[in-house]
Amino acid sequence: MKDISVLIPTYNDVCITLVKALQQQAEALDTNYEIIVADDGSTNAEAIEKNRLINHIEHCRLIERSENCGRAAIRNFLASQAHYSWLLFIDSDMVVCRDDFLQQYIHSEGYDVVDGGVSIGKIQKGNLRSIYEKTSERHFTAEKRSQSSYRDFHTANFMIRRDLMLHYPFDERFRNYGYEDVLFGKTLEQQGIPILHLDNPLSFEVFESNADFVNKTEEGLRTLYHFRDELKGYSRMLALAQHLTPVIPLIRLWHRIFGGIERHHLTGRRPTLFIFNLYRIGYFISIKI
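Residues numbered from 1 in each chain as written. Predicted model: local features only at pLDDT ≥ 70, side-chain atom pairs only at ≥ 80, totals over all residues. Heavy atoms only, no water.

S.K.: When you look at a nonpolar patch on the surface in this model, what are you seeing that I'm missing?
M.R.: Taken together, the side chains of V247, L250, L253, W254, I257, F258 and I261 define a hydrophobic patch exposed on the protein surface, amounting to about 660 Å² of accessible area. With respect to the secondary-structure elements, F258 resides in helix α12 (residues 248-266). (Patch = residues over 30% accessible without salt bridge, like charges linked within 9 Å, V, L, I, M, F, W, Y side chains within 5 Å. Areas by Shrake-Rupley, 256 points an atom, 1.4 Å probe, with all protein chains shown as cover. Salt bridge = Lys/Arg side-chain N within 4 Å of Asp/Glu carboxyl O. Helix = DSSP H or I, 4+ residues; strand = E, 2+ residues; numbered from the N terminus.)

Okay, here's the thing in structure tokens:
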């Protein structure tokens, strides 16, 4: 049995239901635990107020940060606040979908890092994020993730030994959306630290609007471009861009002419994955920083 700190970074998300579900499972286990939610400078007053109810749940607490420090730094901060020797990081928009979720982690043996993965809720008609994630779900199984163990490591649902996390923290240069988990996976591989991939998912069921998802995708691609040298070999987009080197001028011309039309299509009512993938590669190759 492991004594465990469940750590949930949040930004403008109400995660009281998630915390209650995790706390109920933890209470049924013969282990010491705590659940810490860190609000990374949320701007949604209603979300902040609702999350304050977390402080009234046994073994749970909410830490409110006045300024947004970014996806990497907030996870490092949570690790520093934890009391127990094992840390379970969970994204605040996840949903507990199995009754033995915590038990699976508590009883896992032999690895210092364990990735439980995610499952995807029902497709929402016309919602680009739900279509994209549901189509990709077949790659989220433990078997598939284990085939590229480090490149397919993600931070939405994973457990790690606290001393290891403190020794190899997330790179706090990653303030914007995307790829801090990929670089962390690269660090684990460089240090020879194996990852156990389990089929112990949390469910992803709430999807942002098409416009917000396209904005987030663009932000992630700019992050990838900025850290492209360090992420080489760990990104399919970088590999694709390298493969397309001979036709990059044509892709840039295409994106300059049709990128706006593609974006309008993606933020509309009937987005398609084909246009989404076309837009992403055009956007990435056309980035100039």
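S.K.: Hey, could you run me through the side chain of S92 in this one?
M.R.: The residue S92 is located in the loop between β4 (86-90) and β5 (94-95) in this model. According to the relative accessible area criterion, S92 is buried, its value standing at 8%. Within the local environment of S92, its side chain forms a polar contact with the backbone oxygen of P9, the two atoms lying 3.5 Å apart. For S92, the side chain forms a polar contact with the side chain of T10, separated by 3.2 Å. Non-local contacts of S92, meaning those with residues more than four positions away in its chain, are made with I8, P9, T10, Y11, D13, C15 and L18. (Buried < 20%, exposed > 50% of the residue type's maximum accessible area, 1.4 Å probe, protein only. Polar contact = N/O pair within 3.5 Å; in protein donor to acceptor, adjacent residues only side chain to side chain. Contact = heavy atoms within 4.5 Å.)

S.K.: Would you mind going over the pattern of salt bridges with me for this structure?
M.R.: Any two side chains of opposite charge can pair, on the condition that their charged atoms come close. In total, this model carries 17 salt bridges according to the counting rule given. Where R52 meets E64, a salt bridge forms, and the shortest distance between an N and an O atom there is 2.8 Å. Of this pair, R52 sits in the loop between α2 (45-51) and β3 (60-65) while E64 sits in strand β3, placing them 12 residues apart in sequence. Taking the shortest distance from any N to any O, the salt bridge between R145 and D115 comes out at 3.6 Å. Of this pair, R145 sits in helix α6 (residues 142-147) while D115 sits in strand β6 (residues 113-115); the two residues are 30 residues apart in sequence, bridging distant segments of the chain. Just as R145 is buried, D115 falls in that class too. Overlapping salt bridges bring together R129, E133, E208 and K216 as one network.

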